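Breakdown of the fold
The primary structure of each chain is shown beneath.
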Amino acid sequence: MEMMTKFIPDNEATNVTVEAFNQWGTQRLPRTIGVSLAKELIFSARVVDGEEAKSIGLISHVVEQNEAGDAAYKRALALAKEFLPQGPVAMRVAKLAINQGMEVDLVTGLAIEEACYAQTIPTKDRIEGLLAFKEKRPPRYKGE
């Protein structure tokens with residue numbers, strides 16, 4: 001199970017709770033926010049608001065809700081637009097390296113990273129990226 005970026009509207013009704021035996025649980029939460037704070041939140045069942053959740057690293061973004069009620073959606077869309085120009089092959093293996101690497105020790109994680117990077121070496125997208133850089137133009141990746 002992978003962690004996802006969470007977008008929380010910061011308004012009077014928004015709170016985040018930690019359920020010890022749910023998605024974050026006793027294994028993922030300590031890896032995300034540290035053992036001491038994870039114990040504090042799990043043992044106390046304390047509710048944290050969006051700002052505190054962001055400050056402790058539980059979520060990535062907090063947005064002020066707008067009248068349309070789609071502030072979180074708009075922020076997620078803006079973030080996706082930042083990702084869009086990146087090479088799809090590199091993005092895919094980076095995601096794989098991060099997700100798998102977080103489940104193992106650092107040495108194994110570095111080996112996973114190296115293996116993932118090696119998958120990008122023979123790709124047309126890598127050559128396109130290098131050419132685009134040399135020619136000072138935006139790359140045109142095709143996912144190949």
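1. Remarks on the overall build of the protein chain
Check the secondary structure of the protein chain and you find seven helices and four strands. Across the protein chain, helices and strands are ordered from the amino to the carboxyl terminus as β-β-α-α-β-α-β-α-α-α-α. The buried share of the protein chain, taken over its 144 residues, is 28%. Within the protein chain, contacts between residues separated by at least 24 positions form 47% of all contacts whose residues are at least 6 apart in sequence. When the accessible surface of the protein chain is totalled, it reaches about 10,100 Å², and 58% of it is carbon and sulfur.

2. Overview of the confidence of the model for the protein chain
Residue-level pLDDT values for the protein chain average 83, and 83% of them are 70 or greater. Predicted confidence for residues 1–15 stays below pLDDT 50, and this span has 41 contacts to residues more than four positions away or in other chains.

3. Regarding the environment of Thr26
Mapped onto the secondary structure, Thr26 falls in helix H1 (residues 25–33). Distance in space between the C-alpha atoms of Thr26 and Ile42 is 7.9 Å, their sequence separation being 16 residues.

4. A short note on the nonpolar core
Core analysis: the biggest nonpolar cluster contains eleven residues, these being Leu29, Ile33, Ala38, Leu41, Ile42, Val48, Ala53, Ile56, Leu58, Ile59 and Val62. Of all the secondary-structure elements, those providing two or more residues to this core are H1 and helix H2 (35–44). Per-element tally for this core: the top contributor is H2, with three residues. Contacts of Ile56, omitting those with residues within four sequence positions, involve Ile33, Leu37 and Leu41.

Thresholds, definitions, all that
Residues numbered from 1 in each chain as written. Predicted model: local features only at pLDDT ≥ 70, side-chain atom pairs only at ≥ 80, totals over all residues. Heavy atoms only, no water. Helix = DSSP H or I, 4+ residues; strand = E, 2+ residues; numbered from the N terminus. Buried < 20%, exposed > 50% of the residue type's maximum accessible area, 1.4 Å probe, protein only. Contact = heavy atoms within 4.5 Å. Areas by Shrake-Rupley, 256 points an atom, 1.4 Å probe, with all protein chains shown as cover. pLDDT = per-residue confidence, 0-100. Core = buried A, V, L, I, M, F, W, Y, C linked by side-chain atoms within 4.5 Å.

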